[in-house]
Amino acid sequence: MSKRVAYLVFVAAVLGVVGAAWGQKKASSPNPADGTGDVAMPLFRWTAGSTALFHDVYLGKTPELGPEQLVGPRQVLAMFYYTAALEPGVRYYWRVDEIEKDGVTVIQGDIWSFWTQALTAYNPDPADGAKNAIVAPVLQWWPGQGAAKHHVYFSDNQDAVSQAAAAADKGVQALDAKTFTPGTLEPATAYYWRVDETLGDGTAKAGPVWSFTTIVPVDDFEGYTDDEGSRLYETWIDGWTNNTGSTVGYVTAPFAEQKIIHGGQQSMPVEYNNVAAPFYSEAERTFDKPQDWTADGADKLILHLRGRDMDFEILSVSTPPVIDGKVDDIWKTASVQPIMTPIITTRPMSSSSQFRVLYDTTNLYVLVDINDDKLRNDSPEAWFDDSVEFYIDGDNTKKGPGLEGNARQYTFGWTATDIQGTNTDVTGVQFAQVDTPTGWRLEIKLPWQSLLGRGAPVGKLIGIDCFYDDDDLNTGVQESQVAWHSKAEPDWETPASWGTALLAPPGVKPDADPMYVALQDSAQHVGVVTHPDAQLAKTQQWIEWQIPLSRFAEAGVKLTAVQKIMIGVGNRASPAAGGTGMVFLDDIYLTKP
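As a starting point, this report considers the structure included with it.

## Some details on the nonpolar core
In this structure, W236, W293, L301 and F552 are the most contacted members of the largest nonpolar core, which totals 39 residues. Leave out the neighbours within four places in its chain, and W293 touches V218, F287, A298, L301, L519, L549, L559, T560, V562, I565 and L590. Core analysis: the second largest hydrophobic core is formed by 33 residues, F390, W414, W448 and I462 among them.

## Details of the pattern of salt bridges
A complete count under the given rule lists 16 salt bridges for this structure. The salt bridge involving E271 is made with K460; its shortest N-O contact spans 3.0 Å. Taken together, the residues span a long stretch of sequence, with E271 in strand 22 (residues 268-273) and K460 in the loop between helix 5 (448-451) and strand 35 (461-470) at a distance of 189 residues. Taking relative accessible area as the criterion, E271 reaches 26% and is therefore assigned partly exposed. Taking the shortest distance from any N to any O, the salt bridge between D309 and R306 comes out at 2.4 Å. For D309, a relative accessible area of 39% gives the class partly exposed. Classification of R306 by relative accessible area gives buried; the value is 8%.

## Let's talk about the layout of surface pockets
Its boundaries defined by the atoms lining it, the largest pocket holds a volume of some 970 Å³. Considering the residues around the largest pocket, the lining is formed by 29 residues, among which Y250, D395, N396, L461 and M582 are closest to the centre. Among the secondary structure elements, those contributing two or more residues to the lining of the largest pocket are strand 37 (499-503) and strand 42 (580-591). By residue class, the composition of the lining of the largest pocket is 8 nonpolar, 10 polar and 11 charged.

## So, empty space enclosed by the protein
If you walk through the whole model with that rule in mind, you get 2 cavities of 30 Å³ or more. The calculated volume of the largest cavity comes to roughly 60 Å³. Examining the composition of the lining of the largest cavity, we find that 3 residues originate from one element, strand 42, more than from any other. Taken together, the residues that form the lining of the largest cavity break down as 5 nonpolar, 3 polar and 2 charged. Taken as a whole, the second largest cavity spans an internal volume of roughly 40 Å³. Together, V270, Y272, S281, M515, I567, G568, V569, V583 and L585 line the second largest cavity. At the level of elements, strand 22, strand 41 (562-570) and strand 42 are the ones that each hand at least two residues to the lining of the second largest cavity. When residues in the lining of the second largest cavity are grouped by element, the largest group, 3 residues, is from strand 41. Its residues assigned to classes, the lining of the second largest cavity comprises 7 nonpolar, 2 polar and no charged.

## Quick look at the pairing of strand 38 (residues 515-521)
Counting buried residues along strand 38, 7 of its 7 residues qualify, which places the element largely inside the surrounding structure. What you see with strand 38 is no split at all: M515, V517, L519 and D521 on one side and Y516, A518 and Q520 on the other are buried throughout. Bridge count between strand 38 and strand 41: 7 bridges; the pairing is antiparallel. Directly across from V517, in strand 41, lies its bridge partner I567. Note that strand 38 and strand 39 (residues 526-530) share 5 bridges and pair antiparallel. Across the sheet, the residue bridging to L519 is G527, located in strand 39. Between the end of strand 38 and the start of strand 39, which pair antiparallel, lie 4 residues, with Q524 showing a positive phi angle near 75 degrees.

## Observations regarding the packing of aromatic side chains
To describe a pair of aromatic rings, you give the distance between the ring centres and the angle between the ring planes. What the rule picks out here adds up to 26 aromatic pairs. Positioned over the ring face of Y58 is R95, at 4.3 Å from the centre of the ring. Seen from the ring of Y153, R194 lies directly overhead, with NZ or CZ sitting 5.0 Å from the centre.

## What about a nonpolar patch on the surface?
On the surface, a cluster of nonpolar side chains totalling about 310 Å² of accessible area is made up of V76, L77 and M79. If you trace the backbone, V76 turns up in the loop between strand 5 (70-75) and strand 6 (79-81). V76 gets classed as exposed once you look at its relative accessible area, which sits at 59%.

The rules behind each value
Counting starts from 1 at the beginning of each chain's written sequence and moves along it residue by residue. Owing to the predicted nature of the model, reporting of local features is limited to residues with pLDDT of at least 70; listing and counting of side-chain atom pairs is limited to 80 or more, with chain, interface and lining totals taken over all residues. No hydrogens and no water enter the side-chain calculation; it runs on all heavy atoms of the structure. We call a set of buried residues a nonpolar core when its members are Ala, Val, Leu, Ile, Met, Phe, Trp, Tyr or Cys and they connect through side-chain atoms within 4.5 Å of each other. Three exposure classes are used, based on accessible area relative to the maximum for each residue type with a 1.4 Å probe and protein chains only: buried under 20%, partly exposed in between, and exposed over 50%. Here, two residues are considered to be in contact whenever any of their heavy atoms come within 4.5 Å of each other. One side-chain nitrogen of Lys or Arg within 4 Å of one carboxyl oxygen of Asp or Glu is enough to make a salt bridge. Only DSSP runs of H or I covering at least 4 residues are called helices, and only runs of E covering at least 2 are called strands; the numbering of each starts at the N terminus. Put simply, the grid is 1 Å and covers the protein atoms alone, a cavity is a trapped set of points that fit a 1.4 Å probe, a pocket is an open set with protein on both sides within 12 Å along at least five of seven lines, and lining residues have an atom within 4 Å of a point. Grid points are joined across faces, edges and corners, and a volume is the space filled by probe spheres set on the points. Note on residue classes: Ala, Val, Leu, Ile, Met, Phe, Trp, Tyr, Cys and Pro are nonpolar, Asp, Glu, Lys and Arg are charged, and everything else, Gly too, is polar. Two strands pair under a simple rule: DSSP has to find at least two bridges between them. When the centres of two rings from Phe, Tyr and Trp lie within 6.5 Å, Trp using its six-membered ring, the rings pair. Their planes under 30 degrees apart give stacked, over 60 give edge-to-face, and anything left gives tilted. In this scheme, the term charge over a ring applies when either NZ of a lysine or CZ of an arginine sits within 6 Å of the ring centre and within 35 degrees of the ring normal. Like-charged residues within 9 Å of one another, or nonpolar side chains (Val, Leu, Ile, Met, Phe, Trp, Tyr) within 5 Å, are grouped into patches, provided each residue has over 30% relative accessible area and no salt bridge. A 1.4 Å probe and the Shrake-Rupley method give the accessible areas. Residues count as covered only by the protein chains that appear here.

That's the geometry; what it means functionally is another story.
Structure representation (structure tokens):
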């Protein structure tokens, strides 16, 4: 067993004995688990933060947990029993704040939630009053206390359900069923349902009447496959045909996105490139025949979209920094990334660090500033002493464990003249170090040719991370290791755990790539609606965009004869050079008031 592995096994064993999370200062691993249901006993447990002395427990019926919701102050154990009764059928929220050993520093925890079991069936899906139910739903619920069977009533007639009429009676379900499939429903129609619980002694508990309204589907992207004739880009036309900067679907199968989804099993990825003319990118679908989008009383177009995941943008420079360890003015343009996540902590951390990154077509530039009052370099392995570990996955493969291909580790020890690492190509790599009043600074130049074997991947994502190792006690190993993005020690060889950065194309204005939707009717009238947030294409969470159909009608589009829908990035009316990126589209439909 290597020296490094043996040391990490020892640290892991110590942390396991005390019930602390490896390098995690926040409380974690909640019990009841986040989002769980059927909770009856008010016993709360969690994994304590690695440096916590006391725990403050908050509990309430909303996510806003303040001083009034502090139900368990200064708990010594990572466990709390709530002596007051929990109400049945209620969603509760709770949080554990960790109090550090100084008695003052508080590490605020995440907000978790759970449901207490109700007396009747509860927590319906679709939610009660939902206006966006699909036309082929699977109705689900959580069983009430003591339920042995479920009696389901379903109809488009509210009175039939509330009166348990024979026309709405869908029969009795076994206890473990908890679902009902009504088949394909009418679009833009209100439906009502309820579930009565039959107890073990035959007593029935009538449930509340729930309702939902179905949508008018436009495209949920579920019917596309990788087979010729049913691929995404054969229905949604992209730049290969419409001569814009778009590419619909991935270049190789699977062509649809199957992880970043809003609903169902897949979404549609659209890559945009507005660097060259026509300076906008568009995916378009032409319907087989004109559609009446006012039928069934529909008045809104709904679509769900988001950008791709990334942590920050790396800006390009026309004049590169001088690699001398000094902070040139050009570094002021780079965003500062604090290195703050403790991975190894056998004693309180006594250092802090941050890094910045820039690029040009030839090189990637890195600047790391370290605050550390005790500097040491007396081990053959640089990472056992004060050192910086810089990680880059030029292809953003998000693979691992194991560093291969263009996933590389570069380790620079304080005052060291060599470069250590794994899968490291040091050809043309240049670096400089200087001591500072509070520690030291490292400046690095990494040629793209050594990182990737080609030029800078402008407009593309790269995997990236940065660690700092600190050795104060001269024990032969570092006492702390802190990362920018990774969460655990094994992540050093797992690119999937590293962060993500975008090499931003040069000269792109922040508002250069707005998103828009256009409709065209059978008479070629086109109406365009642009989202007010010009940064929408970069958002990293699903956004529901609601567009009143009247916006298109005001532009002259005949809503009873919609022939084509176009979704794009850029300024269609006044094209100007923009950037590159990728957006994901899912669940497009119409709703009525």
